[in-house]
Amino acid sequence: MNGETDFEFDLDLDGDTLREECGVFGVLGHEDAAALTALGLHALQHRGQEAAGIVTLDNDQFRAERHLGLVGDHFSDADTIARLSGSAAIGHVRYSTTGETILRNVQPLFAELDGGGIAICHNGNFTNALTLRRQLIRDGAICQSTSDSEVVLQLLARSRQPKIVDRFIEAIKQMEGAYSLVALTGKKLIGARDPLGIRPLVLGDLNGAPILASETCALDIIGARFIREIENGEVIVCSTGGIESFFPFGRRKARPCIFEYIYFSRPDSILGGRSVYDVRREMGRQLAIESQVEADVVVPVPDSGVPAAIGYSQESGIPFELGIIRNHYVGRTFIEPTQSIRTLGVKLKHSANRSQIAGKRVTLIDDSLVRGTTSVKIVQMIRDAGAREVHFRLASPPIRYSDYYGIDTPVREKLLAARYSLEEMRAYIGADTLAFLSVEGIYRAMGYDGRDDENPQFTDHCFTGDYPTPLTDLSGDAEFRHPPRLVEVR
Ligand SMILES: O=P(O)(O)OC[C@H]1O[C@H](OP(=O)(O)OP(=O)(O)O)[C@H](O)[C@@H]1O
Ligand SMILES: NC(=O)CC[C@H](N)C(=O)O
Ligand SMILES: [Mg+2]
């Protein structure tokens with residue numbers, strides 16, 4: 001199945017791909033706060049499917065509901081929305097990066113401070129949270145979760161600053177890594193983006209009510225107007241008195257995560273002033289410029305490979321066809337309980353559209369290759385459907401380094417490109433030819449002449465190993481990386 005060579009690499013069928021991140025949403029001063037938040041989270045569902053939660057503020061009472069599972073399964077009925085009364089709300093969809101998939105880690109997290117309550121949502125990952133957490137516990141902190149995000153609450157609780165915004169700033173100044181945060185206090189909706197702006201966060205407006213969201217697609221679903229992006233290193237405070245903005249880290253150049261463009265964000269979102277769809281299509285064009293091969297059809301690996309395949313087809317003049325059909329009723333977290341069921345793997349999700357494949361030379365386009373799980377199965381499936389040749393093209397460079405900023409990548413040893421040469425990867429996935437977009441090509445697709453190695457325009461460590469922040473937790477010992485001591489059995 002996996003090409004011509006024997007590899008020590010097990011074909012892992014658990015679909016441990018490049019997984020999602022998290023999505024955050026917040027609204028202040030709207031009578032339908034919970035319903036708007038549920039809709040916003042629904043639009044952000046692609047960012048995390050493990051869990052969802054909403055906290056509202058009804059006068060001075062916070063109301064919370066948090067569940068493992070999808071937004072639509074838990075926040076779509078009128079009774080739930082009615083329980084979540086109030087005119088302000090924040091919400092979260094989670095794909096865990098630190099801390100297990102257990103109810104205690106589901107966000108928004110909540111804490112009672114001496115000045116009142118605060119709920120908080122986090123997209124990203126702190127690279128010193130485990131180190132700080134250990135110190136906090138030694139100092140007597142009682143942690144309610146095992147997630148990195150809780151450390152912010154613990155630091156807020158310890159701050160002696162009189163104003164919440166100053167507490168907030170004091171807390172985030174101690175954190176390293178990536179974060180887009182949305183918080184709700186008794187009076188204010190607060191947003192913050194890390195100093196490099198690694199993760200996205202936008203500000204919108206719905207009839208005068210400020211909205212914060214990970215992506216513009218969450219504004220579109222509720223008919224809110226896009227105002228602007230929260231800037232890198234900015235803390236924004238919304239209240240009935242208006243919107244204030246702070247830059248506690250000073251002004252510096254942003255360095256957003258390039259993977260938001262390649263895979264994570266929804267194609268209809270506008271990010272950094274660019275249409276994500278346009279960028280992906282341009283990545284496909286660059287790929288055709290760099291590594292076009294003779295073929296009869298260009299076939300995307302749906303969903304994520306579609307815009308790049310359109311660009312590749314337009315640039316190369318080779319017809320685009322839907323040679324693979326995706327079943328939309330298979331969630332990304334589909335439960336495959338036994339090994340024999342698991343081996344069905346991708347077939348549950350993708351099937352070959354034989355009429356477009358048989359007898360043809362096929363160029364397959366996907367956005368990225370992580371462990372190769374998808375590619376191995378797709379190449380075999382296309383051959384089984386009668387393709388004469390199968391060429392695999394990836395609209396991003398080889399992923400050689402793990403992420404620590406909110407993307408759930410496998411450990412480095414499991415990244416195919418970290419272990420194998422291009423030719424070994426080609427043999428492993430069983431394609432006739434294999435090519436990736438170059439790092440320079442991806443920067444060209446973003447509208448630059450190339451990568452500025454002195455001052456890189458994007459966070460791109462997955463390809464380059466150039467991590468833009470310290471990775472404190474990695475350099476420490478692993479003693480504190482323990483599983484939760486309390487297992488809730490029901
Ligand atoms: O090399 P692998 O480890 O198989 O991972 C790579 C695949 O994972 C992602 O798709 P995913 O199936 O997560 O989602 P999608 O349906 O949005 O494309 C990505 O777009 C690749 O297709
Ligand atoms: N993927 C994310 O953004 C996750 C947020 C946070 N680190 C958690 O694990 O809950
Ligand atoms: Mg994909």
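The protein chain is annotated in an unreviewed UniProt entry as Amidophosphoribosyltransferase of Polymorphum gilvum. Here is the UniProt Pathway (unreviewed entry) comment for the protein chain, exactly as written: "Purine metabolism; IMP biosynthesis via de novo pathway; N(1)-(5-phospho-D-ribosyl)glycinamide from 5-phospho-alpha-D-ribose 1-diphosphate: step 1/2." Here is the UniProt Sequence similarities (unreviewed entry) comment for the protein chain, exactly as written: "In the C-terminal section; belongs to the purine/pyrimidine phosphoribosyltransferase family."

Structurally, Q135 is set in helix α4 (residues 129-138). A sequence separation of 19 residues divides Q135 from G116, and the C-alpha atoms of the two residues are 25 Å apart.

A general trend in soluble globular proteins is that nonpolar side chains are found buried together. With 138 residues, the main nonpolar core has V152 and I382 as its most contacted residues. Residues lining this core come from more than one domain, with at least three contributed by each of domain 1 (23-255) and domain 2 (279-327 + 344-456). Contacts of I382, omitting those with residues within four sequence positions, involve A352, I357, V362, L364, A387 and V390.

The next thing to look at is the site of ligand 2. Neighbouring residues of ligand 2: 17 residues in total, closest E21, C22, T97, N123 and G406. By residue number, the principal contributor to the shell around ligand 2 is strand β6 (residues 116-126), which donates four residues. Here the residues of the shell around ligand 2 sort into two nonpolar, twelve polar and three charged.

Here the focus is the domain arrangement of the protein chain. Each assigned domain of the protein chain is listed with its residue range as follows: domain 1 (23-255) and domain 2 (279-327 + 344-456). Taking only C-alpha atoms, the centre of domain 1 and the centre of domain 2 are 35 Å apart. With twelve residues of domain 1 at the interface, the matching set in domain 2 holds six residues. If you list the elements that add at least two residues to the side of domain 1 that touches domain 2, you get β6 and β7 (177-185). Counting residues per element, the side of domain 1 that touches domain 2 draws most heavily on β6, at three residues. For the side of domain 1 that touches domain 2, the per-class residue count stands at three nonpolar, six polar and three charged.

This paragraph deals with the UniProt feature "domain: Glutamine amidotransferase type-2" (unreviewed entry) in the protein chain. Mapped onto the present numbering, the UniProt feature "domain: Glutamine amidotransferase type-2" (unreviewed entry) falls on residues 22-241. Taken end to end, residues 22-241 has its terminal C-alpha atoms 30 Å apart, with 24% of it in helix and 36% in strand.

Another aspect to go through is the UniProt feature "binding site: Mg(2+)" (unreviewed entry) in the protein chain. The positions UniProt marks with the feature "binding site: Mg(2+)" (unreviewed entry) are S304, D366 and D367. These residues run over 64 residues, yet every pair of their C-alpha atoms falls within 6.8 Å of each other. Along the polypeptide, S304 turns up in the loop between β16 (297-300) and α10 (306-316). Once residues within four sequence positions are removed from consideration, S304 is found in contact with Y263, D366 and D367. Tracing the backbone shows D366 in strand β19 (residues 361-366). D366 sits in the buried class, given 22 other C-beta atoms within 10 Å. Residues within four places of D366 in sequence aside, it is in contact with V301, S304, G305, S375 and L394.

With parallel pairing, four strands are arranged side by side in an open sheet as β16-β19-β20-β21. Every other strand in the sheet has two partners, leaving β16 and β21 (433-436) as the edge strands with one partner each. Across the sheet, the axes of successive neighbouring strands diverge by a mean angle of 20°, strand direction being ignored. Note: strand β20 (residues 389-394) against β21, four bridges, orientation parallel. Note that in β21 the partner of F392 across the bridge is L434. Along the sheet, helix α12 (residues 373-384) contacts β19 and β20; its crossing angle with β20, the most-contacted strand, is approximately 150°.

Our next topic: the pairing of β6. With nine of eleven residues buried, β6 is to be regarded as a mostly interior element. Where strand β5 (residues 109-113) meets β6, five bridges bridge the pair, whose relative direction is antiparallel. Its bridge partner lying in β6, F110 is registered against A119. Turn length for the β5-β6 hairpin, with the two strands adjacent in sequence and antiparallel, is two residues.

Cut-off values and rules
Residues numbered from 1 in each chain as written. Chains lettered and ligands numbered in written order. Predicted model: local features only at pLDDT ≥ 70, side-chain atom pairs only at ≥ 80, totals over all residues. UniProt positions renumbered as here; feature names shortened; annotations may be inferred. Helix = DSSP H or I, 4+ residues; strand = E, 2+ residues; numbered from the N terminus. Core = buried A, V, L, I, M, F, W, Y, C linked by C-beta atoms within 7 Å. Buried ≥ 20, exposed ≤ 12 C-beta atoms within 10 Å, placed from the backbone. Domains from an automatic or database assignment. Contact = placed C-beta atoms within 7 Å. Near = placed C-beta within 6 Å. Nonpolar A, V, L, I, M, F, W, Y, C, P; charged D, E, K, R; others polar. Pairing = 2+ DSSP bridges. Axes fitted to C-alpha atoms, helices over the stretch in contact; angles between N-to-C directions.

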